[in-house]
Amino acid sequence: MMPLGAIAPQVPALFRRAAIHAALGSAHAFETSLQKWRARKEKAALKKKRFTEHPPVPPRTWNRSPTFYKGQWKGRTASSILLKLWTGARWIWVNVRLLSRDLPDGYEPGSPSLVRHGSHWRLHTPVEKTFTSPGKVAVQLAHAQTRICAIDLNLDHHLAVCTIQTADGSTVATTFLSGGKRVNGRRKWLLGRIARNRRKTGILAENEPDNVALWEKIRHVDEQVAHLISARIVHFARQHQASVLVFEHLGNLKPQKGRYSRRGNSKRAFWMKGRIFTNAKYKAWNEGMITSRVNPRNTSRECARCHGLIVRYHAKQGPEPAGYTPGAPLAWCPACGMKGHADRNASLVIGQRLRTRAHHQEKPRAPLLGPGERDEKSSGVVRSQDANSKGGPSRRRARRHGTGKGHGTAHEDHARMVAPSAIPRPLPLFSES
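Everything numeric in this text was worked out from a predicted model, so none of it was measured. (Residues numbered from 1 in each chain as written. Predicted model: local features only at pLDDT ≥ 70, side-chain atom pairs only at ≥ 80, totals over all residues. Heavy atoms only, no water.)

## Re the nonpolar core
With 27 residues, the main nonpolar core has C149, I151, I229, I233, L245 and F247 as its most contacted residues. The set of elements that each furnish at least two residues to this core consists of β8 (147-153), β9 (158-166), β10 (171-178), α4 (212-239), β11 (244-248) and α5 (260-286). Considering every element that reaches this core, the biggest residue donor is α4, with eight residues. Dropping the residues within four chain positions of it, I151 is found in contact with A160, V161, C162, I233, L245, V246, F247, E248 and I350. (Core = buried A, V, L, I, M, F, W, Y, C linked by side-chain atoms within 4.5 Å. Buried < 20%, exposed > 50% of the residue type's maximum accessible area, 1.4 Å probe, protein only. Helix = DSSP H or I, 4+ residues; strand = E, 2+ residues; numbered from the N terminus. Contact = heavy atoms within 4.5 Å.)

Structure, rendered in structure tokens:
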């Protein structure tokens, strides 16, 4: 370790403090990673499973950006800031010009840091917003005026169907967020180009990426759509004063069988659903809303009115359809006569399951399926998750595989489409250079 005195004489105490805190943070991060590795190893030993994961090692090189505490910067305005810098001979105050946009209302800047990007240095300033931590789901739903936003994520035309519901079960508003078919078509076209390029050579170099530009385009399309849909979900919930977002816990889905472009397209569509949930979670938290998930079993087959089996059908099948057509846009319940959109019915069921769980009521029994309609065990998830933490939301990604005909998914109906080229790229909240 190199002492700071060997870099510059008379290093300010605040700069020394910043270096010490950075070193302590790195040491604590390594210690936490090592403890988690030991816990995973002990768990594998208890289950008598083979454990091949290598232990974490300290970093070979250690580079950290210095943080300017309160005594090392002053005179901050919208276009400039004074920083205390070392010229090689002495410490002086330097006026640095800022090129950044204005802070949104309610945000306060923190202590800036110098970050090196190639041959340039950029000044990164964290921003902070203070708000009251939202209460747990059970506490919020104890009040009749609480509103929840139930979201049914799909693969085709309607990427998301959102329903605003009150704690007593009344439905306030519904919105359909379309654009899925156009995004799937764009992604499948890019995957087809990748497959054709691979067939031209028939050889894939080991540990060397291929078609880098095309893969990057696919990632950009999925990321843009995930940010757009999640932002529209949060905006719709905030517009109707909802304080809880509830999704399905889709974590055990498998892609459809077929050609490479079909399988790859289906798999990445499931990944995008996970991105939508992850992005909506932190965006909702920034707006003071909490996020939860419920069991997805039979959400698309259960009637929101009487909890019986519904019939999903297309309009061309006539006024009295029979059977269950996966992905059909319309729903009809033979028991109570309910008719409506199948995805909207699924979103209502999702909201009902959250209220049932929060109120500790007896869960309504799932409708029994016929011998020809029963899915395999791998298509459902029996685990649910409730957002009870008062800290920041978890950014852990959901498992990235699924089945195209699983519960809680829709595939075919007619809707307006959103072009990916019209989707704006998400911008960082605040940056300086």
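After presenting the structure, the write-up continues.
## Structural notes on the packing of aromatic side chains
In the structure shown here, the tally under the stated rule is two aromatic pairs. When the centroid spacing of 5.2 Å and the interplanar angle of 85° are considered together, the rings of F247 and F277 count as edge-to-face. Separated by 30 residues along the polypeptide, F247 in strand β11 and F277 in helix α5 bring together distant segments of the chain. On the basis of relative accessibility, which here comes to 8%, the residue F277 falls in the buried class. (Phe/Tyr/Trp six-rings, centres within 6.5 Å; stacked < 30°, edge-to-face > 60°.)

## Some points on the sheet that holds strand β2 (residues 80-86)
Backbone-to-backbone hydrogen bonds pair the strands of a sheet. The strands run either parallel or antiparallel. A sheet is described by the order of its strands in space; here three strands give the open sequence β1-β2-β3, paired in antiparallel fashion. The two strands at the open ends of the sheet, each matched to only one other strand, are β1 (73-74) and β3 (91-97). Relative to β2, β1 runs antiparallel, the two sharing two bridges. Each bridged residue has a counterpart across the sheet, and for K74 the counterpart in β2 is L82. (Pairing = 2+ DSSP bridges.)

## Remarks on the sheet that holds strand β15 (residues 339-341)
The three strands are arranged β13-β14-β15 in an open sheet whose pairing can be described as antiparallel. Where the open sheet ends on each side, the last strands, each with one partner, are β13 (311-313) and β15. Going from strand to strand, the sheet's axes swing by 30° on average, the running direction of each strand aside. Sheet topology note: the β13/strand β14 (residues 330-332) ladder contains three bridges and is antiparallel. Within the sheet, the bridge partner assigned to V311 lies in β14 and is W332. Sitting on the sheet, helix α6 (residues 342-358) touches β13, β14 and β15, and the angle it makes with β15 is about 90°. (Axes fitted to C-alpha atoms, helices over the stretch in contact; angles between N-to-C directions.)

## Remarks on unusual backbone geometry
We note that Q241 has phi near 60°; this positive angle belongs to a residue other than glycine. If you trace the backbone, Q241 turns up in the loop between α4 and β11. The phi dihedral of H307 is positive, around 65°, even though this residue is not glycine. Following the sequence through the fold, H307 ends up in the loop between β12 (290-294) and β13.

## A look at the pattern of salt bridges
As enumerated under the stated definition, the model contains seven salt bridges in all. For the salt bridge of R275 with E223, the shortest nitrogen-to-oxygen distance reads 3.4 Å. With R275 in helix α5 and E223 in helix α4, this pair connects stretches of sequence that are 52 residues apart. Take E223: its relative accessible area is 28%, and that puts it in the partly exposed class. Notably, a salt bridge pairs R238 with E287, separated by 3.2 Å at the nearest N-O pair. Taken together, the positions of R238 in helix α4 and E287 in the loop between α5 and β12 put the pair 49 residues apart, joining distant regions of the chain. (Salt bridge = Lys/Arg side-chain N within 4 Å of Asp/Glu carboxyl O.)

## Considering α4
Residues spaced three or four apart along an α-helix face the same direction, because each turn holds 3.6 residues. In this model, α4 (28 residues) spans 40 Å end to end at C-alpha, consistent with the 40 Å of a helix rising 1.5 Å per residue. Of the residues trailing α4, Q241 is marked for its positive phi of about 60°. (Expected span 1.5 Å × (residues − 1).)

## Re the packing of helix α3 (residues 180-201) against α4
Their axes nearest at 10 Å, the elements α3 and α4 cross at an angle of 165°. Considering their axes alone, α3 and α4 lie roughly antiparallel with respect to each other. As α3 runs across α4, the sense of the crossing is left-handed. On α4, the residues that touch V183, R186, R187, L190, L191, R193, I194, N197 and R198 of α3 are L214, W215, K217, I218, V221, D222 and V225. Across the contact of α3 with α4, the residue classes break down as nine nonpolar, one polar and six charged. (Parallel < 35°, antiparallel > 145°, perpendicular 65-115°, else oblique. Left-handed = near helix turned anticlockwise from the far one by under 90°. Nonpolar A, V, L, I, M, F, W, Y, C, P; charged D, E, K, R; others polar.)

## Focus: the confidence of the model for the protein chain
The share of residues in the protein chain with pLDDT of 70 or more is 78%, and the mean pLDDT across the chain is 78. When the elements of the protein chain are averaged for pLDDT, β13 gives the smallest value, 84, and β11 the largest, 92. Per-residue pLDDT stays below 50 along residues 371-386; that stretch engages in 36 contacts with residues further than four places along the chain or on separate chains. Taken together, the stretch residues 395-433 has pLDDT below 50 and engages in 138 contacts with residues farther than four places along the chain or on a different chain. (pLDDT = per-residue confidence, 0-100.)

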